[in-house]
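Chains, contacts and geometry: an overview
Take a look at the letters that make up each chain.
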Amino acid sequence: MNLKDKSQAVLALYQDLEAEAKPFASEGKLGCFSGCGLCCANPKIPASPLEFLPLAFELYDKSAAEATLRIIEENPSGNCVQFRAQDPVGNQGFCSNYQNRGLICRLFGSAARRNKVGQKELIICKKLKEGKPNEFLETTQKINQDLEIPMATAYYTQARDIDESLAEEFPINEAIRRSIELVLRFKYYEEEEKATEF
């Protein structure tokens, strides 16, 4: 499987996650607060180069890959390069490429993990837990009874099945940087190969 095929496999994984998360999203009542970018304003968010291959290919296609690399290199420990802050503190804002956000971004607020006693535990932030306490408790009870919810571990396992080495986690901008560099290298050799065919 070449890099483009792996990117397509990641997109297929995202489609499966979206389909599985729909029933939960309609019943869960725990969507993010409008305009909140608190989790995006955390440079330590763990992510893998694999989950950002679709983003990297799109940036390449729009001739924005190298410019994005420069932004990351100027501030490697900054917030996610795709986050656009809308307030001075940087906790309000939006994702500038929501369609190609990573797996971590898609699982947050839409998936669960198992806690030490084997119960399903929502993957959400403290702000949501405290801001919507009744909805949080109600939804926690429902996912441990009969409300279906995607399990994060299942999706991370499927990602590793696509490419285990590319599924290694780094701080988010480092993951995006590595993904862009992989795509630039892939496209360079692809163009070289086409040139030698003539």
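**Side note on the overall build of the chain**
Along its length, the chain carries 8 helices and 6 strands. When the helices and strands of the chain are placed in sequence order, the string is α-β-α-α-β-β-α-β-β-α-α-α-β-α. Computed over its C-alpha atoms, the radius of gyration of the chain comes to 18 Å, within 12% of the 16 Å expected for a compact globule of 198 residues. Principal-axis analysis of the C-alpha atoms places the extent of the chain at approximately 65 × 40 × 25 Å. A sequence separation of at least 24 residues applies to 77% of the contacts in the chain between residues at least 6 apart. For the chain, the exposed surface amounts to about 11400 Å²; the carbon and sulfur share of it is 50%. In the chain, which carries 25 positive and 30 negative side-chain charges, the distance between the mean positions of the two groups comes to 6 Å.

**With respect to a negative patch on the surface**
Side chains of D16, E20, E27, D146 and E148 sit close together on the surface and give a patch of like negative charge. Residue position: E20 is located in helix α1 (residues 3-28).

**Side note on helix α2 (residues 53-61)**
Listing the buried residues of α2 in full gives L53, P54, L55, A56, F57 and L59. Just past α2, the residue S63 takes up positive phi, approximately 55°.

Scoring rules and cut-offs
Residues numbered from 1 in each chain as written. Predicted model: local features only at pLDDT ≥ 70, side-chain atom pairs only at ≥ 80, totals over all residues. Heavy atoms only, no water. Helix = DSSP H or I, 4+ residues; strand = E, 2+ residues; numbered from the N terminus. Rg over C-alpha atoms; globule rule 2.2 N^0.38 Å. Contact = heavy atoms within 4.5 Å. Areas by Shrake-Rupley, 256 points an atom, 1.4 Å probe, with all protein chains shown as cover. Lys, Arg positive; Asp, Glu negative; His and termini not counted. Charge placed at Lys NZ, Arg CZ, Asp CG, Glu CD. Patch = residues over 30% accessible without salt bridge, like charges linked within 9 Å, V, L, I, M, F, W, Y side chains within 5 Å. Salt bridge = Lys/Arg side-chain N within 4 Å of Asp/Glu carboxyl O. Buried < 20%, exposed > 50% of the residue type's maximum accessible area, 1.4 Å probe, protein only.

Any link to function would need more than the numbers given here.
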